Structures are given as C-alpha cells and as structure tokens.
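Residue-level structure breakdown
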Amino acid sequence: MATVTLKGNPFQTVGNLPAVGSQAADFVLTGAGLADVSLADFAGSRLVLNIFPSVDTPTCATSVRKFNQALSSLQNTKVLCISADLPFAQARFCGAEGLEAVQNGSSFRSSFGQDYGVTFADGPLRGLLSRAVVVIDTDGKVLHTEQVAETADEPSYEAALAVLA
C-alpha cells in the first residue's frame, strides 16, 4: 500500500504502482461509446497513463490539459487519461475544452485500480483512483512511475516527459 494525503490527511491505496522495468499489466477500461480500451490498443506506441480521481476537479482537469498540450511535441506517444468518471463525463470535459490529443478510459467497471495499486482504500475518496502517472514504452515495459504524494498537487510533467525525450 502507498500512503498519500488529501489536504494533509493520510490515506492508503490498495497497493503500489508497477516497478520501473517491469512489464505493464494488461487492462481493460471503458472508452468513448462504451467501447473497451486495453493496453493492446496502444501496442507499438509509447503510452502515458495519466491517472486521477475525477476530471471534475481543478487539478485533474489541469493534468489532462497539460498532457494534451505536451503530445504535440512527442513522437509515437499517446496519453490515456484514466479515472472512475463515466465515459460520458470524460468526453463532455474534453469536448468542452477542445482537447483532442488525449484519450480517456473509465475504470468504473474495471479492475485497473486494483491491478495498478491506485484505488483509494480508505478516506473520503475511497473507491476512486489516486493521482499517479505511469509511462510505458513501445514494448509494454514501465519506464517511469509517480504516485503523487499529495492528491491536490499536480504530477511532475517534466519527469514523465523526460523519459520520452
């Protein structure tokens, strides 16, 4: 379990992020039009998993915007924004913001949060996903992980993008 905070109050996640150098666990999320989205869909591309509690919070929304902007300068890289929000809410947000580079995946009927160790185990956000970033290479190997210690803080975009330079 990882310990993270929300406004200074400590909470646990159900596990830990995958180890750098390990093979990324397969997943199936729910994407646009309620279609399945899996790790296999990104085979041959580098992939940034931008994981967060809800797109309807300021910090989460900022991370989607910043990763969307970063994609314009990255070759063979995709960003999958993952939360427990329904796919309709994710699509509404990206449509309203004009964010077309990132893709969305909902964990609402998935074991993703358990498999990647990011589901909050306790506290007011119990059942939602903690803020984290996982970067995966073209062969499915984990290049970088960050479990953001304070949920209200943004991830280190620079650290995630540096492994893709």
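**Side note on the overall build of the protein chain**
Within the protein chain, the secondary structure is distributed over four helices and nine strands. Reading the helices (α) and strands (β) of the protein chain from amino to carboxyl end gives β-β-β-β-β-α-β-α-β-α-β-β-α. Relative to the compact-globule value of 15 Å for 165 residues, the protein chain shows a C-alpha radius of gyration of 14 Å, a close match. The C-alpha extent of the protein chain, read off along each of the three principal axes, is 40 × 35 × 30 Å. A buried classification covers 50% of the 165 residues belonging to the protein chain. Carbon and sulfur atoms provide 52% of the accessible area of the protein chain, an area that totals close to 7,400 Å². One finds the centroid of the 10 positive side-chain charges in the protein chain at a distance of 3 Å from the centroid of its 16 negative side-chain charges.

**Description of the side chain of Ser-63**
Mapped onto the elements of the fold, Ser-63 is located in helix 1 (residues 58–70). What makes Ser-63 buried here is its relative accessible area of 1%. Discounting residues that sit within four places of it in the chain, Ser-63 has contacts with Asn-50, Phe-52, Pro-155 and Tyr-157.

**Here's the deal with the packing of aromatic side chains**
One pass over the structure, following the stated rule, counts four aromatic pairs. Where Phe-27 meets Tyr-116, the ring centres are 6.2 Å apart and the plane angle is 70°; that geometry is what we call edge-to-face. Remark: Tyr-116 occurs in the loop between helix 3 (112–115) and strand 8 (132–136) and Phe-27 occurs in the loop between strand 2 (9–12) and strand 3 (28–30); sequence separation between them is 89 residues. The exposure class assigned to Tyr-116 is buried, which follows from its relative accessible area of 1%. Seen in terms of ring centroids, Phe-67 and Tyr-157 are 5.2 Å apart; in terms of plane orientation they differ by 70°. Their pairing is edge-to-face. In this pair, Phe-67 is assigned in helix 1 and Tyr-157 in helix 4 (residues 157–162), connecting sequence segments 90 residues apart. Grouped by ring-pair contacts, the aromatic residues Phe-27, Phe-112 and Tyr-116 constitute a single cluster.

Cut-offs and rules
Residues numbered from 1 in each chain as written. Predicted model: local features only at pLDDT ≥ 70, side-chain atom pairs only at ≥ 80, totals over all residues. Heavy atoms only, no water. Helix = DSSP H or I, 4+ residues; strand = E, 2+ residues; numbered from the N terminus. Rg over C-alpha atoms; globule rule 2.2 N^0.38 Å. Buried < 20%, exposed > 50% of the residue type's maximum accessible area, 1.4 Å probe, protein only. Areas by Shrake-Rupley, 256 points an atom, 1.4 Å probe, with all protein chains shown as cover. Lys, Arg positive; Asp, Glu negative; His and termini not counted. Charge placed at Lys NZ, Arg CZ, Asp CG, Glu CD. Contact = heavy atoms within 4.5 Å. Phe/Tyr/Trp six-rings, centres within 6.5 Å; stacked < 30°, edge-to-face > 60°.

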